[in-house]
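Breakdown of the fold
The lines below spell out each chain.
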Amino acid sequence: MGARFFAVLSLVLATGQAPACSYIVQAQVTFEPGSAELDRSQVIKLSEWIGRSYAAYPLYTSAAVEAGASGEAPRETRNLARLRAANTARALRMLLRTELPIASASQAYRFPKNRFEESNDFAVVQLYPDVGRLKLPGCNPGLPDELER
């Protein structure tokens, strides 16, 4: 998935619910071309984001990381994207307050920017709130919550 999709999803999620009524909290970091390491400012950004995320939803069921990398050499670019995803997941694991399963995905791109002029060198982190334990409202106000889950 490209950065454009995540930008649109971020706007939708800023209101609290996605169109499919999924609760997701998300952040994105951008990497310098060729780099797979998170620098100090990126770790601080993730740490602050996690603090805000726990303030919004104190319980989560899982997390996901998707990373992208750009380059002309497909094998190296795929490896760089995988390394970015692994490094971001590792940082997330250290910053989370509880242990969560973290799914990871990566994508190689030929060009550094997509057609919307957004960077293809990124990692997106998502946290999935525990809807049941947090007793978050359901998607269908006319149905009892237990029928909808």
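Description of the structure in this document. (Residues numbered from 1 in each chain as written. Predicted model: local features only at pLDDT ≥ 70, side-chain atom pairs only at ≥ 80, totals over all residues. Heavy atoms only, no water.)

A closer look at the sheet that holds strand E4 (residues 122-129)
Strand order in the open sheet formed by four strands is E1-E4-E2-E3, with mixed pairing between adjacent strands. Of all the strands in the sheet, the pair left with one neighbour each is strand E1 (25-30) and strand E3 (102-109). With strand direction ignored, the average angle separating the axes of adjacent strands in the sheet is 15°. In this sheet, E4 lies alongside strand E2 (residues 60-70) in antiparallel orientation, the contact comprising eight bridges. Paired with alanine 64 across the bridge in E4 is glutamine 126. (Pairing = 2+ DSSP bridges. Helix = DSSP H or I, 4+ residues; strand = E, 2+ residues; numbered from the N terminus. Axes fitted to C-alpha atoms, helices over the stretch in contact; angles between N-to-C directions.)

Here's the deal with the packing of aromatic side chains
The relation between two aromatic rings is expressed through the spacing of the ring centres and the mutual angle of the planes. A complete count under the given rule lists three aromatic pairs for this structure. A centroid spacing of 6.3 Å and a plane angle of 40° characterise the contact between tyrosine 109 and phenylalanine 122, whose relative ring orientation is tilted. In this pair, tyrosine 109 is assigned in strand E3 and phenylalanine 122 in strand E4, connecting sequence segments 13 residues apart. With relative accessibility at 18%, the residue tyrosine 109 sits in the buried group. (Phe/Tyr/Trp six-rings, centres within 6.5 Å; stacked < 30°, edge-to-face > 60°. Buried < 20%, exposed > 50% of the residue type's maximum accessible area, 1.4 Å probe, protein only.)

Observations concerning the nonpolar core
With 26 residues, the main nonpolar core has Trp49, Leu92, Leu96 and Leu127 as its most contacted residues. Contributing elements (two or more residues each) for this core: E1, helix H2 (40-56), E2, helix H3 (74-95) and E4. Not counting the four nearest positions on each side in its chain, tryptophan 49 is found in contact with Val25, Gln26, Ala27, Leu92, Val125 and Leu127. (Core = buried A, V, L, I, M, F, W, Y, C linked by side-chain atoms within 4.5 Å. Contact = heavy atoms within 4.5 Å.)

Topic: the environment of alanine 91
Within the fold, alanine 91 resides in helix H3. Overall, alanine 91 belongs to the buried group, its relative accessible area being 9%.

What to know about H2
In an α-helix, one turn spans 3.6 residues; hence positions three or four apart end up facing the same way. When the terminal C-alpha atoms of H2 are compared, their 24 Å separation across 17 residues agrees well with the 24 Å that a helix rising 1.5 Å per residue should span. Gln42, Leu46, Trp49, Ile50, Ser53 and Tyr54 are the residues of H2 that are buried. Buried residues of H2 fall within an arc of 135° about the axis and therefore sit on the same side. Counted as exposed and oriented over 90 degrees from the buried face of H2: Arg40, Arg52 and Ala55. (Expected span 1.5 Å × (residues − 1). Arc of directions from axis to C-beta.)

Observations concerning unusual backbone geometry
Although it is not a glycine, glutamate 117 adopts a positive phi angle of roughly 65°. The topology assignment puts glutamate 117 in the loop between E3 and E4. Residue glutamate 117 is classed as exposed on the basis of its relative accessible area of 56%. Even without being a glycine, lysine 135 presents a positive backbone phi close to 55°. Position of lysine 135 relative to the elements: it lies in the loop between helix H4 (131-134) and helix H5 (145-148). Looking at lysine 135, the relative accessible area reads 69%, which means it is exposed.

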